[in-house]
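These are the residues of each chain, in order.
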Amino acid sequence: MASIEFYKYQGTGNDFVVVDNRSQRLYRNDKTIAQKLCDRKFGVGSDGLILIENHDEHDFEMIFFNPDGSQSMCGNGSRCAVKFAQFLGIIGNQTTFLSTDGVHEASIDGDIVRLSMQDVAQSKINSFPEHFTINTGSPHYVIFASNINDKNVKEEGASIRYSEEFAKEGINVNFVEKQSKDQISVRTYERGVENETLSCGTGVTACAIAHVLHGGISPVKIETLGGQLSVDFELIDGNAKNIWLTGPAKNVFKGEIEL
């Protein structure tokens with residue numbers, strides 16, 4: 001195959017290779033493309049691959065791959081996709097688009113992208129004595145801790161992700177430190193990346209829900225290694241509704257690579 005043009009975007013340090021695939025030059029079911037492009041030694045290097053394609057009913061469709069070729073919802077990736085779609089001239093400052101877990105809305109104000117997330121039903125929020133498991137489009141394990149800056153997130157996260165309970169399907173692992181009623185710090189180990197990332201959109205959403213269930217208030221400001229995000233939502237009869245993830249999304253560079 002001839003070389004393809006790509007762009008590199010990042011949302012609070014969560015970085016993505018983004019490709020305009022409206023001409024369908026890349027086969028959307030070929031996971032080996034993501035494995036090659038996301039490789040930080042032999043490819044471009046990123047936390048995921050995003051393809052932007054046409055859609056009959058919505059402004060565009062976003063197809064997301066983790067570096068291992070698996071697919072899931074990605075909150076920060078979706079925000080980067082929205083910013084890229086604006087750059088391409090597909091949208092203005094408002095959009096409705098299709099992602100892995102369904103339809104999302106978003107608005108853009110400069111570099112800040114505000115993204116609607118799917119409601120999280122009470123059945124997807126499981127509380128245990130020492131942690132939560134919450135599915136926000138991707139499955140998340142949320143554990144509250146102190147001094148999270150001192151944690152070996154890769155080692156401790158992997159021990160949970162590869163435990164007997166989660167090894168087959170995998171789970172993202174989030175370590176949360178409370179700062180105040182409306183502010184937390186989060187570090188995340190991501191499945192598919194199999195390492196700590198600087199930020200995770202679906203992860204901070206899960207952590208914000210857990211924080212409010214622990215007595216916090218919405219909107220929740222979240223400090224990640226890559227910068228600050230915010231999540232606001234309503235907790236209605238145990239269900240998290242009207243969830244919005246807000247934070248920056250920026251272009252880093254563009255290039256070409258031969259596949």
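See the structure shown above.
A brief report on the enclosed structure follows. All values derive from a computational prediction rather than experimental measurement.

Rules used throughout
- Residues numbered from 1 in each chain as written.
- Predicted model: local features only at pLDDT ≥ 70, side-chain atom pairs only at ≥ 80, totals over all residues.
- Heavy atoms only, no water.
- Helix = DSSP H or I, 4+ residues; strand = E, 2+ residues; numbered from the N terminus.
- Buried < 20%, exposed > 50% of the residue type's maximum accessible area, 1.4 Å probe, protein only.
- Contact = heavy atoms within 4.5 Å.
- Areas by Shrake-Rupley, 256 points an atom, 1.4 Å probe, with all protein chains shown as cover.
- Lys, Arg positive; Asp, Glu negative; His and termini not counted.
- Charge placed at Lys NZ, Arg CZ, Asp CG, Glu CD.
- Arc of directions from axis to C-beta.
- Polar contact = N/O pair within 3.5 Å; in protein donor to acceptor, adjacent residues only side chain to side chain.
- Disulfide = S-S within 2.5 Å.
- Salt bridge = Lys/Arg side-chain N within 4 Å of Asp/Glu carboxyl O.

Examining the overall build of the chain
Thought 1: The number of helices and strands found in the chain is four helices and 17 strands.
Thought 2: Across its three principal directions, the C-alpha atoms of the chain cover 55 × 35 × 30 Å.
Thought 3: Counting over 259 residues, the chain shows a buried share of 52%.
Thought 4: Residue pairs at least 24 apart in sequence account for 62% of intrachain contacts in the chain once pairs closer than 6 positions are excluded.
Thought 5: For the chain, the computed accessible surface area is about 11400 Å², with 44% contributed by carbon and sulfur atoms.
Thought 6: Charge centroids of the chain, computed over 24 positive and 35 negative side chains, lie 3 Å from each other.

Things to note about helix H1 (residues 31-38)
Thought 1: The set of residues buried in H1 consists of Ile-33, Ala-34, Leu-37 and Cys-38. Buried residues of H1 fall within an arc of 110° about the axis and therefore sit on the same side.
Thought 2: The inward-facing, buried residues of H1 contact strand S2 (14-20), strand S3 (49-53), strand S4 (61-65) and strand S17 (250-258).

Re the side chain of His-131
Thought 1: With respect to the helices, strands and loops of the structure, His-131 is situated in the loop between strand S8 (125-127) and strand S9 (132-135).
Thought 2: A relative accessible area of 15% means that His-131 is categorised as buried.
Thought 3: Here Tyr-141 takes part through its side chain, which lies 3.2 Å from a polar atom of the side chain of His-131.

A look at the side chain of Lys-83
Thought 1: Examined against the element boundaries, Lys-83 turns out to sit in helix H2 (residues 75-88).
Thought 2: With residues near it in sequence (within four places) discarded, Lys-83 still touches Tyr-9, Ile-108, Gly-110, Asp-111, Val-113 and Ala-249.

Overview of the state of the cysteines
Thought 1: Scanning the entire structure with this criterion turns up zero disulfides.
Thought 2: Cys-74 provides the cysteine sulfur closest to Cys-200, a residue in no disulfide bond, and the two sulfurs are 6.6 Å apart.
Thought 3: When its relative accessible area of 4% is taken as the criterion, Cys-200 is described as buried.
Thought 4: The cysteine Cys-207 is free of any disulfide, with Cys-200 supplying the nearest cysteine sulfur at 8.3 Å.
Thought 5: Judged by its relative accessible area of 0%, Cys-207 is buried.

What about the pattern of salt bridges?
Thought 1: Under the defined criterion, the tally for this structure stands at 14 salt bridges.
Thought 2: The partner of Arg-28 in a salt bridge is Glu-61, and the shortest N-O contact between them spans 2.8 Å. Taken together, the positions of Arg-28 in the loop between S2 and H1 and Glu-61 in strand S4 put the pair 33 residues apart, joining distant regions of the chain.
Thought 3: Exposure remark for Glu-61: the relative accessible area of 14% places this residue in the buried category.
Thought 4: Notably, a salt bridge pairs Lys-83 with Asp-111, separated by 3.9 Å at the nearest N-O pair. Taken together, the positions of Lys-83 in helix H2 and Asp-111 in the loop between strand S6 (102-109) and strand S7 (112-117) put the pair 28 residues apart, joining distant regions of the chain.
Thought 5: Given the relative accessible area of 15%, Lys-83 is considered buried.
Thought 6: A relative accessible area of 37% means that Asp-111 is categorised as partly exposed.
Thought 7: When salt bridges that share partners are traced, they join Lys-8, Asp-15, Arg-40 and Asp-47 into one network.

Honestly, that's just the spatial picture; any functional story needs more than this.
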